[in-house]
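Tertiary structure, described
Listed here are the chains, written in short residue letters.
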Amino acid sequence: MKKYVYPYKIFTNEKVMYHFNVDKLYITEVNNNHLDLLNKLAQFDYEEVQANILDEEQKQCLNDLIEFEMITDEQPNIKEPTVVCKPTSYRIVLTEQCNLACVECFATKNINCLKTMDSETLFEVLEYSFKNNNNKSTQYCFFGGEPLIKFDLIKEAVAKIEEAEKNHLVKNPVLLITTNGTILNDEIIDFFIDHNVRVGVSIDGPKEIHDKLRPYKDLRGTFDDVKENYMKMYNKGVNLHVLITPNPDFLGNLKDIVKYVLENFPMKELTINTPFKYDTLQWSVDGEKYAHILFDIYKLTQEFGVILDSALSVVLGSISNGIRRQTPCSILGDEFMTLVTPHGEMSRCAQKYDSQISLGNIKNVSVSDNCKNCYAYGFCGGVCPAYKVLSGMSTDSNKCKFMHAILPNLINYLKMFEETSDDLQ
Ligand SMILES: C[S@@+](CC[C@H](N)C(=O)[O-])C[C@H]1O[C@@H](n2cnc3c(N)ncnc32)[C@H](O)[C@@H]1O
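Remember, it's a predicted structure, so these values are computed and weren't measured experimentally.

1. A closer look at the nonpolar core
With 85 residues, the main nonpolar core has I92, F192, L270, Y290, F379 and F402 as its most contacted residues. Per-element tally for this core: the top contributor is helix α10 (residues 287–303), with 8 residues. Grouped together as the second largest cluster of nonpolar side chains are 14 residues, L35, L38, L65 and M70 included.

2. Here's the deal with helix α6 (residues 186–194)
Taken together, the buried positions of α6 are I188, I189, F191 and F192. In an axial view of α6, the angular spread of the buried residues amounts to 160°, which keeps them on one side of the axis. Packed against the buried residues of α6 are α5 (151–166), β8 (171–179), β9 (197–202) and α8 (223–236). Between the side-chain oxygen at the start of α6 and the backbone nitrogen of E187 there is a gap of 3.1 Å, and the oxygen is on N185. Phi turns positive one or two residues past the end of α6, at N196, with a value near 50°.

3. A closer look at the sheet that holds strand β3 (residues 16–21)
A sheet is described by the order of its strands in space; here 3 strands give the open sequence β2-β3-β4, paired in antiparallel fashion. What marks the edges here is a single partner per strand, and that holds for β2 (8–13) and β4 (27–30). In this sheet, adjacent strand axes meet at a mean angle of 30° when their direction is disregarded.

4. Side note on the packing of α10 against helix α11 (residues 311–321)
Close contact between α10 and α11 brings their axes to 10 Å; oriented N to C, the two are set at 80°. As the angle between them shows, α10 and α11 are arranged roughly perpendicular. Residues Y290, L294, F295 and Y298 of α10 touch α11, and the partners they reach there are A311, L312 and L316. When the residues that make up the contact of α10 with α11 are grouped by side-chain class, the tally is 7 nonpolar, no polar and no charged.

5. Quick notes on the packing of aromatic side chains
For the structure on display, the rule yields 11 aromatic pairs. Summarising the aromatic geometry, the rings of F223 and Y260 are spaced 6.5 Å apart at their centres and angled 50° between planes, so their arrangement reads as tilted. With F223 in helix α8 and Y260 in helix α9 (residues 254–264), this pair connects stretches of sequence that are 37 residues apart. Arranged with centres 5.9 Å apart and planes meeting at 40°, the rings of Y290 and F402 form a pair that is tilted. Note that Y290 is positioned in helix α10 and F402 in helix α15 (residues 397–404), a separation of 112 residues in sequence. Like F402, Y290 is buried. A connected cluster of aromatic rings, assembled from ring pairs, spans F223, Y230, Y260 and F265. The ring centre of F143 lies 4.4 Å from the NZ or CZ of R91, which sits over that ring. Positioned above the aromatic ring of F123, the side-chain terminus of K160 is 4.9 Å from the ring centre.

6. Some details on helix α3 (residues 56–67)
Taking 1.5 Å of rise per residue, 12 residues should cover 16 Å, and α3 covers 16 Å from first to last C-alpha, within 8% of that figure. Of the positions making up α3, those classed as buried are Q58, C61, L62, D64 and L65. One face of α3 carries all of its buried residues, which in axial projection span an arc of 150°. Residues of α3 that are exposed and point more than 90 degrees away from the buried face comprise E56 and E67. Each element contacted by the buried residues of α3 is listed here: α1 (32–43), α2 (46–51) and β5 (71–72). Backbone geometry just downstream of α3 places E69 in the positive-phi region, at approximately 55°.

7. A word on the domain arrangement of the protein
Domain boundaries assigned for the protein yield domain 1 (4–72) and domain 2 (86–404). The interface is formed by 7 residues belonging to domain 1 together with 8 residues belonging to domain 2. For the pairing of domain 1 and domain 2, the buried interface totals around 630 Å² over both sides, and the portion due to carbon and sulfur atoms is 73%. At the boundary of domain 1 and domain 2, one finds 1 salt bridge. Among the salt bridges present, the one from D23 reaches R324, with a minimum N-O distance of 3.9 Å.

8. Digging into the pairing of strand β6 (residues 86–95)
Of all 10 residues making up β6, 9 are buried, and the element is well covered by its neighbours. The sheet contact formed by β6 and strand β13 (residues 335–340) spans 6 bridges and is parallel. Across the sheet, P87 pairs through a bridge with F336, a residue of β13. Across 6 bridges, the pairing between β6 and strand β7 (residues 137–144) is parallel. Directly across from R91, in β7, lies its bridge partner C141.

9. What to know about the side chain of T182
With respect to the helices and strands, T182 occurs in the loop between β8 and α6. In terms of polar contacts, T182 uses its side chain to reach the side chain of N99, at 2.9 Å. Within polar-contact distance, the side chain of T182 engages the side chain of N180 at 2.7 Å. Setting aside its immediate chain neighbours within four residues, T182 contacts N99, L100, Y216, T222, V226 and N229.

10. Focus on the pattern of salt bridges
All chains considered together, the criterion is met by 18 salt bridges. Here K160 ties to E127 by a salt bridge, and the two come within 3.5 Å at their closest N and O atoms. Pair noted here: K160 is in helix α5 and E127 is in helix α4 (residues 119–131), with a separation of 33 residues, a long-range link. By relative accessible area, which is 30% here, E127 ends up partly exposed. Linked through salt bridges whose partners overlap, the residues forming this network are D186, D190 and K236.

Rules behind the numbers
- Residues numbered from 1 in each chain as written.
- Predicted model: local features only at pLDDT ≥ 70, side-chain atom pairs only at ≥ 80, totals over all residues.
- Heavy atoms only, no water.
- Core = buried A, V, L, I, M, F, W, Y, C linked by side-chain atoms within 4.5 Å.
- Buried < 20%, exposed > 50% of the residue type's maximum accessible area, 1.4 Å probe, protein only.
- Helix = DSSP H or I, 4+ residues; strand = E, 2+ residues; numbered from the N terminus.
- Arc of directions from axis to C-beta.
- Contact = heavy atoms within 4.5 Å.
- Polar contact = N/O pair within 3.5 Å; in protein donor to acceptor, adjacent residues only side chain to side chain.
- Pairing = 2+ DSSP bridges.
- Axes fitted to C-alpha atoms, helices over the stretch in contact; angles between N-to-C directions.
- Parallel < 35°, antiparallel > 145°, perpendicular 65-115°, else oblique.
- Nonpolar A, V, L, I, M, F, W, Y, C, P; charged D, E, K, R; others polar.
- Phe/Tyr/Trp six-rings, centres within 6.5 Å; stacked < 30°, edge-to-face > 60°.
- Lys NZ or Arg CZ within 6 Å of the ring centre and 35° of its normal.
- Expected span 1.5 Å × (residues − 1).
- Domains from an automatic or database assignment.
- Buried area = accessible area lost by both parts, 1.4 Å probe.
- Salt bridge = Lys/Arg side-chain N within 4 Å of Asp/Glu carboxyl O.

As structure tokens, this is what we get:
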């Protein structure tokens with residue numbers, strides 16, 4: 001019977017060799033005998049290799065290859081994604097106006113005339129989401145600019161969503177807001193609690209860094225106000241999390257910045273936004289360095305008992321569950337977050353709208369030629385389709401460097417996980 005070798009990548013960590021099954025995303029420790037057999041199987045039929053096995057050790061190794069699914073009876077067939085994606089998450093830009101003048105803000109940069117949504121457009125967007133939800137839970141994230149400038153619109157939206165839920169037009173809607181944390185009062189805080197709105201507050205570090213990166217329009221620092229409001233929300237029981245956006249200039253200090261924020265802001269979940277260039281969506285940090293830093297931060301957040309949401313999370317989720325990523329925007333292929341502009345236009349990308357990357361213009365996601373033979377494709381999901389259109393490039397070198405730094409680091413993470421489990425026994 002013919003047997004086939006799965007596409008694989010061998011990598012080492014602390015002199016131990018590992019086999020990564022590119023299709024199944026399995027990682028297995030291997031030795032030179034395994035490698036020798038894999039090489040032979042690439043040239044000769046299984047029966048021939050089996051007939052030439054001389055000793056028990058080699059026999060065991062051949063059994064290992066079958067047991068750990070390094071070889072298979074059927075030709076591995078890695079399918080290209082042809083999924084037509086539907087948004088299950090709506091990032092609604094209620095207004096592009098903001099009361100801050102953040103240094104790297106992608107939302108307001110390069111926009112001359114800042115727009116605001118009206119109730120009619122908002123309702124049209126919500127109706128669209130009710131009609132296209134495939135009976136799945138839908139997430140609504142109020143975004144901006146600063147969404148709390150349009151608190152009246154948030155109240156209208158939440159009333160409409162709750163009514164739709166009662167009428168079974170939408171299932172288990174999740175309400176979220178991302179805010180700079182400067183515009184808050186008791187009415188807003190009570191509203192968050194009464195309507196179970198999850199609140200993400202952007203905090204970019206200790207006072208001296210945060211005030212430099214996230215000042216008011218008159219350049220006064222916002223840190224003290226954000227801290228006071230954050231603690232007020234925390235003490236009243238708002239469902240809170242923090243977002244940190246690393247500034248490429250402070251990347252070397254990111255671990256300390258995160259540590260400071262973890263020590264000073266009580267939270268269950270922390271998001272680290274991957275910084276990117278607004279015009280092309282290109283990652284603006286060195287991918288390899290960023291991967292190492294995020295692994296370190298992952299350990300740190302584990303010590304604090306905080307869940308980390310970062311560029312690493314989807315990759316770890318994909319590998320540890322053996323789920324191939326079909327697109328770079330999600331773990332499972334057919335769901336993603338759309339950015340909705342104040343005019344109601346919907347983007348294929350959660351970060352930016354441009355008519356070239358509207359939902360209508362990017363329907364399917366295909367694999368770039370450069371990615372077809374890349375061992376990392378299964379956990380990377382390929383090139384962002386929006387980046388491809390806007391930059392005209394077939395890969396983002398920083399993102400590729402990030403993905404290629406994952407496997408050896410991941411082994412340390414798995415070791416750490418095993419050690420933690422041993423300690424518990
Ligand atoms: C654009 S703001 C809008 C919501 C709100 N005004 C706030 O400050 O959170 C949302 C998040 O995007 C982040 N952000 C801004 N520019 C970015 C960029 N170039 N790359 C990655 N994230 C960025 C901000 O730091 C913030 O956490």
